[in-house]
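Okay, here's what each chain looks like letter by letter:
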Amino acid sequence: TASILAIVGICIYFLLISLPTISIGIANAKSGLEASIPSYCPGSYSRAGLASYSEGQVIINYKSNNNTDSFSLKQAKSSWDSSAVKNMVDEASAGKFNTTEKNGLTIFYYNNDAAWVNGGILYKISGSKPLEITDITQIALSL
């Protein structure tokens, strides 16, 4: 009996560890997107729940381990290039945004948000407060 409980416990443990990967796979299948989970997460944040999806979009939520801060990473199919993203950001921020380029990615930061495009996917981070530019860059590069 104890060995059966141990096996069940181990199976449950591995299932819980695999849930983020399973949820992104389900969200990808339902949304028609090839979204991915960034390998980098800012130190004071952790994943909040499973990946969700809507038509052509996958959303991964994060929450602070220290307070009520949070952010979401949205991924959507896009035919845009960086100039189209810049136009969207320019309009959304009334021209008040910053730009950084790293490893061929152009990332636009504005308000509590960031946006960039890579490989036919538009990425957008929206937060309850601004993330550090270095954290957003690391997230972008880890996808």
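This text follows the structure it describes.
Residues numbered from 1 in each chain as written. Predicted model: local features only at pLDDT ≥ 70, side-chain atom pairs only at ≥ 80, totals over all residues. Heavy atoms only, no water.

How should the overall build of the protein be read in this particular structure?
Along the protein, the regular secondary structure elements total three helices and eight strands. In sequence order, the secondary structure elements of the protein are arranged as α-β-β-β-β-α-β-β-β-β-α. Oriented by its inertia axes, the alpha-carbon framework of the protein measures out at about 65 × 35 × 25 Å. The buried share of the protein, reckoned over its 143 residues, is 35%. Long-range contacts, defined as pairs at least 24 residues apart, comprise 46% of the intrachain contacts of the protein with a sequence gap of at least 6. In the structure as shown, the protein presents an accessible area of about 8,200 Å², 54% of it carried by carbon and sulfur atoms. The distance from the centre of the 10 positive side-chain charges to the centre of the 10 negative ones in the protein is 6 Å. (Helix = DSSP H or I, 4+ residues; strand = E, 2+ residues; numbered from the N terminus. Buried < 20%, exposed > 50% of the residue type's maximum accessible area, 1.4 Å probe, protein only. Contact = heavy atoms within 4.5 Å. Areas by Shrake-Rupley, 256 points an atom, 1.4 Å probe, with all protein chains shown as cover. Lys, Arg positive; Asp, Glu negative; His and termini not counted. Charge placed at Lys NZ, Arg CZ, Asp CG, Glu CD.)

Would you mind going over the nonpolar core with me for this structure?
Side chains of nonpolar character tend, in soluble globular proteins, to be buried together. I107, W116, I125 and I136 are the most contacted members of the largest nonpolar core, which has 23 residues in total. Going through the elements one at a time, α1 (2–31), β3 (57–64), β4 (70–77), β6 (105–110), β7 (113–118), β8 (121–127) and α3 (133–141) are the ones with two or more residues in this core. Core analysis: the next-biggest nonpolar cluster, separate from the first, contains eight residues, V89, F97, F108 and A115 among them. (Core = buried A, V, L, I, M, F, W, Y, C linked by side-chain atoms within 4.5 Å.)

I would appreciate a short explanation of the side chain of S142 in the present structure.
Looking at the element boundaries, S142 is found in the segment after α3. Look at S142 and you get buried, because its relative accessible area is 18%. In this structure the side chain of S142 is engaged in a polar contact, spanning 2.9 Å, whose partner is the backbone oxygen of I139. Contact partners of S142, with chain neighbours within four places excluded, come to P38, S39 and Y40. (Polar contact = N/O pair within 3.5 Å; in protein donor to acceptor, adjacent residues only side chain to side chain.)

Even after reading the chapter, I still don't get the packing of aromatic side chains, so can you show me in this structure?
When we look at a pair of aromatic rings, we describe it by the centre distance and by the angle of the planes. Taken as a whole and assessed by the stated rule, the structure comprises four aromatic pairs. Taking the centre distance of 4.6 Å and the plane angle of 10° together, the rings of Y62 and F71 count as stacked. In this pair, the class of Y62 matches that of F71, namely buried. Measuring from ring centre to ring centre gives 5.3 Å for W116 and Y123, while their planes differ by 10°; the resulting arrangement is stacked. Residue W116 is classed as buried on the basis of its relative accessible area, which comes to 1%. An aromatic cluster is built from Y45, Y62 and F71, whose rings are joined through pairwise contacts. (Phe/Tyr/Trp six-rings, centres within 6.5 Å; stacked < 30°, edge-to-face > 60°.)

I would appreciate a short explanation of the pairing of β4 in the present structure.
The side chains of a regular strand alternate between both faces of the sheet. Pairing analysis gives seven bridges linking β3 to β4, with the strands arranged antiparallel. Paired with Y62 across the strands is F71, a residue of β4. Linkage of β3 to β4, two consecutive antiparallel strands, is achieved through a turn of five residues. Sheet topology note: the β4/β8 ladder contains seven bridges and is antiparallel. Looking at the pairing, Q75 lines up with Y123 of β8. (Pairing = 2+ DSSP bridges.)

What am I meant to see in the side chain of D135 here?
Locating D135 in the fold gives a position in helix α3. Buried charge without a partner: D135 forms no salt bridge, and the closest opposite charge is K129, 8.9 Å away. For D135, the contacting residues outside a window of four places in its chain are Y40 and P42. (Salt bridge = Lys/Arg side-chain N within 4 Å of Asp/Glu carboxyl O.)

How should I be thinking about unusual backbone geometry in this particular structure?
Across residues other than glycine, the phi torsion is negative in most instances, and most of the peptide bonds are trans. In this structure, A94 is a non-glycine residue whose phi angle is positive, near 55°. As for its placement among the helices and strands, A94 is situated in the loop between α2 (82–92) and β5 (98–102). For A94, a relative accessible area of 65% corresponds to the exposed category. For N111, which is not glycine, the phi dihedral falls at a positive 50°. Among the structural elements, N111 can be located in the loop between β6 and β7. Given the relative accessible area of 55%, N111 is considered exposed.

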